[in-house]
Amino acid sequence: MSNPYSPVRATLEDVIDETPNIKTFVLKPEREMPFKTGQFIEMTVPGFGEAPFTPSSSPAVTDRMEVTVMRAGTVTELLHKAQPGAVLGLRGPFGKGYPVEEFEGKEILIVGGGVGLAPLRSLLFALFNEMEKFRRVILCYGARTPADIVYKNQLKEWSEREKTEVLLTVDEGDGEWKGNVGVVTTLLKQVTVDIPNAVAVACGPPIMMKFTVLELQHMGFGDDRIYLSMEKNMSCGIGKCGHCRIGSFYVCKDGPVFTYEQLKEFRNIWD
Amino acid sequence: MAEERYFISLADFLGFLKRLATEYEIFVPSEKDGRFHLGRFVPEETDSLRLNPCRVVEPLKAFFFPPREKVAEYFAEGAEPEAKKRIIVGAKRCDVAALKILDFVFLQGDFEDPFYKSRRENTVIISSDCGTPVESCFCGMFDSNSYPVNGFDLNLSEVDDGFVVEVGSETGRKLTEGFDGFKEATQQQLEQRDNNRKEADAQIREKVGAAGLYPAEKAQGYLLAKMEDAMWARHAENCVECGACNFVCPTCHCFLLIDLEEAGKFKRFKDWDSCQYPAFARVAGGANPRKRRAERLRNRFEKKFDFFPRNMGSYACTGCGRCVDACPGKIDIRELLKELAT
């Protein structure tokens, strides 16, 4: 019997501290769990509960999965206490990921905020795996303060890659920060993109996504070229439990990646 | 296929159930304090049966989607779907129609719910015509028939001394085979059935008109035009967030997965949930797209009259009126539907 509610046992192999409240968990599931970049999984703290996350690792790696988690609620609080060797559970993958095929031949403007860079890192890995297919990748990433920037070393490494640009900003600098200060949309004003041949992908806190969409529209992106990773409280992951509705969609099965075109008719999508 | 129908006397029908009781757990309607409920059929103690003239108090969904069901015992092989063979007698059109909504939710899409599926496959539905709608019924908004035309295995229509039985599925046909209580229905019995049905159809039609309601096809458009109306806040003022409307609803399907550790075992349960609870849509970190009761009340209507039509082509309400009876705040779905059209 295939039971979609039963998690696969996964061993926590490593915990990487990213920021004071964000950690990346490296998991080895008992059986391989291939996923498409942008799809999500439900991670179980045994005997306690589950929460949905989008893996932050490359979809090309199928025997390990990395999940970057901000401490925000009860499940994530427990996850943050977990030590290597701990047993966790994974269900999934669920939903629709990024339609990477549709990005071929295009410039890809990626806009991330805070821990929202997690799914985007998986997307970046997927793009880097076949970079010959894409014209250019521009990553605009914003964090609250320099200490809140995730994947610090990798950001530098990516900026040195061919056909790749990385722009960073913080809402609030510190003594050492020499880069841009301001919300992530201030970075969008600094990039030049070949709009007719580009797509934009955004993930971050709702307020950041809301203003990013406005700025992208202002730049000339069509609503069907703006891809968003939506967060709702997906419980079952399979379109049955009713929690994650946006308009006529369930985020778990119709998303989590949507175009703004799909969502714009609905109310309060950023609440 | 021609309609396959028989007549069975009440005594023979009881004999039929008694014979099946060796193989099936059977639920039959019984009256208590003027209301009908489904209860276990005890062959040794039963020498009579009175069919419910209208729907029973409890929704049929609990047989397929119980309030709490263990769906996993991880990381072990500990949760097999229940495969108990059951027969339910007396389901009405409103409940049979609701099963189609639940079938869509739990059986369609990329994933099947194996727990629902197993219960569904192992349950025989012996439905029956509705005779007298109760006060809260408004099924005529959704269907002009007071009786089911499909979705059952056998259907009973009360006539003098017994029932006209209609066969609705292969399972139903097999059950009738080899039991000689099923006789050919006479023309007179069929006419009596048809007359009863016409009378009941007229009653449900009349109720819809008296309540100021309209054909369901109009509800979606009316709702979308009233999304920002003050009516939601006004009606929601009486909501005590108890979830009764959801729990008695034959189509409400929302649930939450709950994990527990018991005796060193990790168990996962599928528990009924209510979209009227404040935290229903809340995410980690506290953001909540439906903070106000008005938004949650509207959510119930959005699901039933917009989400389901768009996704399934059908309304997720059958007009059973149970939520009207159950609401301690006296929030009446009929009044809201009526107001949508004004």
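Values in this document were obtained by computation on a predicted structure and should not be read as measured data.

K.L.:
Mind showing me how you'd approach the side chain of B:Lys303 here?
P.N.:
Note that B:Lys303 resides in helix H9 (residues 293-312). With residues near it in sequence (within four places) discarded, B:Lys303 still touches A:Gly242, A:Arg245, A:Tyr250, B:His253, B:Cys254, B:Phe308 and B:Pro309.

K.L.:
Is there a simple way to explain the environment of A:Pro206 in this structure?
P.N.:
When you line up the elements, A:Pro206 lands in helix H5 (residues 206-219). Separated by 24 residues in sequence, A:Pro206 and A:Met230 have C-alpha atoms that sit 8.4 Å apart.

K.L.:
Looking at this structure, how should I read the pairing of strand S10 (residues 255-262) of chain B?
P.N.:
In regular strands, side chains alternate between the two faces of the sheet. All names here are of chain B. Both S10 and strand S11 (residues 265-272) contribute to a ladder of 8 bridges, which runs antiparallel. By the bridge assignment, glutamate 261 is partnered in S11 with phenylalanine 266. Here S10 folds back onto S11 in antiparallel fashion, the turn holding 2 residues, of which alanine 263 has a positive phi close to 50 degrees.

K.L.:
I'm lost on the nonpolar core in this one. Help?
P.N.:
For soluble globular proteins, the rule of thumb is that nonpolar side chains tend to be buried together. Counting residues in each nonpolar core, the largest one holds 68 residues, and the members touching the most others are A:Leu109, A:Cys140, A:Val193, A:Met219, A:Phe221, A:Leu228 and A:Met230. In terms of residue count, the dominant contributor to this core is helix H2 (residues 93-107) of chain B (6 residues). For A:Met219, the residues in contact, after removing those within four places along its chain, are A:Leu109, A:Leu188, A:Val191, A:Val193 and A:Ile195.

K.L.:
How should the domain arrangement of chain A be read in this particular structure?
P.N.:
As a measure of interface size, the accessible area lost when the parts come together is often cited. All names here are of chain A. Examined at the domain level, chain A breaks down into domain 1 (8-94) and domain 2 (100-263). Relative placement of domain 1 and domain 2: their C-alpha centres are 21 Å apart. Counting residues at the interface gives 26 residues for domain 1 and 26 residues for domain 2. For the domain 1 face of the interface with domain 2, the top three residues by lost area are Glu18, Thr37 and Phe40, together amounting to 25%. The interface formed by domain 1 and domain 2 includes 2 salt bridges.

K.L.:
Would you mind showing me how to read the interface of chain B and chain A here?
P.N.:
Across the contact, 47 residues belong to chain B and 45 residues belong to chain A. Contact between chain B and chain A buries roughly 3,500 Å² in total, counting both sides, with carbon and sulfur atoms accounting for 57%. Among the residues of chain B in contact with chain A, B:Phe75, B:Phe111 and B:Phe307 are the three that bury the most area, contributing 19% of the side total. Counting across the interface, chain B meets chain A through 4 salt bridges. Close ionic contact of A:Arg245 with B:Glu302 constitutes a salt bridge, the shortest N to O distance being 3.2 Å.

K.L.:
Would you take a moment to explain a nonpolar patch on the surface for this structure?
P.N.:
Judged by side-chain polarity, A:Ile207, A:Phe211 and A:Leu214 come together as a nonpolar surface patch covering roughly 300 Å² of accessible area. Relative accessible area serves as the criterion here: at 46%, A:Leu214 is assigned to the partly exposed category.

K.L.:
How do you make sense of the sheet that holds strand S5 (residues 65-70) of chain A when you look at a structure like this?
P.N.:
Backbone-to-backbone hydrogen bonds join strands into a sheet, with any given pair of strands oriented parallel or antiparallel. Residues and elements named next belong to chain A. One open sheet accounts for 6 strands, arranged S4-S3-S6-S1-S2-S5; its pairing is antiparallel. Lying at the two open borders of the sheet, with one neighbouring strand each, are strand S4 (49-53) and S5. Strand after strand, the sheet turns through a mean of 40 degrees between neighbouring axes, direction not considered. Bridge analysis of strand S2 (residues 22-29) against S5 gives 6 bridges, and the strand direction is antiparallel. Opposite lysine 23, over in S5, you have valine 69 as the bridge partner.

K.L.:
Please clarify how the packing of H2(B) against helix H3 (residues 114-121) of chain B should be interpreted in this entry.
P.N.:
Residue and element names in this part refer to chain B. Relative orientation of the contacting elements H2 and H3 amounts to 140 degrees, with a least axis distance of 9 Å. When the interaxial angle is binned, H2 and H3 end up oblique. Of the two elements, H2 crosses H3, and the hand of that crossing is left-handed. Every residue of H3 that contacts H2 at Leu99, Leu102, Asp103, Phe106 and Leu107 is listed here: Tyr116, Lys117 and Arg120. Along the lines of polarity and charge, the residues of the contact of H2 with H3 split into 5 nonpolar, no polar and 3 charged.

K.L.:
Explain the side chain of B:Arg334 to me, please; I cannot follow it from the model alone.
P.N.:
All names here are of chain B. Tracing the backbone shows arginine 334 in helix H11 (residues 333-340). Residue arginine 334 is classed as buried on the basis of its relative accessible area of 10%. Excluding its chain neighbours within four sequence positions, the residues that come into contact with arginine 334 are Glu135, Ser136, Cys137, Phe138, Leu213 and Val324.

K.L.:
Would you mind showing me how to read the domain arrangement of chain B here?
P.N.:
Residues and elements named next belong to chain B. Parsing chain B into structural domains produces domain 1 (5-210) and domain 2 (216-340). Each of domain 1 and domain 2 has a C-alpha centre, and these two points are 26 Å apart. The interface of domain 1 with domain 2 comprises 38 residues on the first partner and 42 residues on the second. In total, domain 1 and domain 2 occlude about 3,500 Å² of area from one another, counting both sides; carbon and sulfur atoms represent 62% of this. There are 6 salt bridges connecting domain 1 and domain 2. Here arginine 68 makes a salt bridge to aspartate 271, at a shortest N to O gap of 2.7 Å. Inspection of the domain 1/domain 2 interface yields 27 residue pairs in polar contact (both at pLDDT 80 or more). Counting only elements with at least two residues in the side of domain 1 that touches domain 2, the list comes to strand S4 (68-74) and H2.

K.L.:
Explanation requested: the sheet that holds S11(B) in the structure shown.
P.N.:
Residue and element names in this part refer to chain B. Spatially, 3 strands are ordered S4-S11-S10 in an open sheet, and the strand pairing comes out antiparallel. Single-partner strands in this sheet number two, and they are S4 and S10. Strand-to-strand, the axes of this sheet are offset by a mean angle of 25 degrees, without reference to chain direction.

Reading the values: rules and limits
Along each chain, numbering runs from 1 in the same order as the chain's sequence is written. The lettering of chains begins at A and the numbering of ligands begins at 1, in the order of writing. Given that this is a predicted model, residues contribute local features only at a pLDDT of at least 70 and side-chain atom pairs are listed and counted only at 80 or more, while totals for whole chains, interfaces and linings are drawn from all residues. Side-chain calculation: all heavy atoms of the structure are included, whereas hydrogens and water are not. Secondary structure is summarised from DSSP: a helix means a run of H or I of at least four residues, a strand means a run of E of at least two, and numbering begins at the N terminus for each. Contacts between residues were defined by any pair of non-hydrogen atoms, one from each residue, lying within 4.5 Å. Note on pairing: two strands pair once DSSP finds at least 2 bridges between them. Buried Ala, Val, Leu, Ile, Met, Phe, Trp, Tyr and Cys residues form a nonpolar core when they are joined through side-chain atoms within 4.5 Å. Under the scheme applied here, a residue whose accessible area is under 20% of the maximum for its type counts as buried, over 50% as exposed, and between as partly exposed, the area being computed with a 1.4 Å probe on protein chains only. In this document the domain limits rely on a domain assignment from an automatic tool or a database. A quick way to say it: buried area is the sum, across both parts, of accessible area lost when two parts are put together, with a 1.4 Å probe. Take a side-chain nitrogen of Lys or Arg and a carboxyl oxygen of Asp or Glu: if they are within 4 Å of each other, that pair is a salt bridge. Note that patches include only residues with greater than 30% relative accessible area and no salt bridge, and the join distances are 9 Å for like charges and 5 Å for nonpolar side chains (Val, Leu, Ile, Met, Phe, Trp, Tyr). To be clear on the numbers: accessible area is Shrake-Rupley with a 1.4 Å probe, and residue cover counts the displayed protein chains and nothing else. Orientation is described by axes fitted as lines to C-alpha atoms, over the contacting stretch for helices, and by angles from 0 to 180 degrees between their N-to-C directions. Should an angle fall under 35 degrees it is called roughly parallel, over 145 degrees roughly antiparallel, and 65 to 115 degrees roughly perpendicular, with every other angle called oblique. Should the near helix be turned anticlockwise from the far one by less than a right angle, the crossing is termed left-handed; should it be turned clockwise, right-handed. When residues are grouped by polarity, Ala, Val, Leu, Ile, Met, Phe, Trp, Tyr, Cys and Pro land in nonpolar, Asp, Glu, Lys and Arg in charged, and all others, Gly among them, in polar. Under the rule applied, a polar contact is a pair of N or O atoms within 3.5 Å (in protein, one hydrogen donor and one hydrogen acceptor; residues adjacent in sequence only if both atoms are side-chain atoms).

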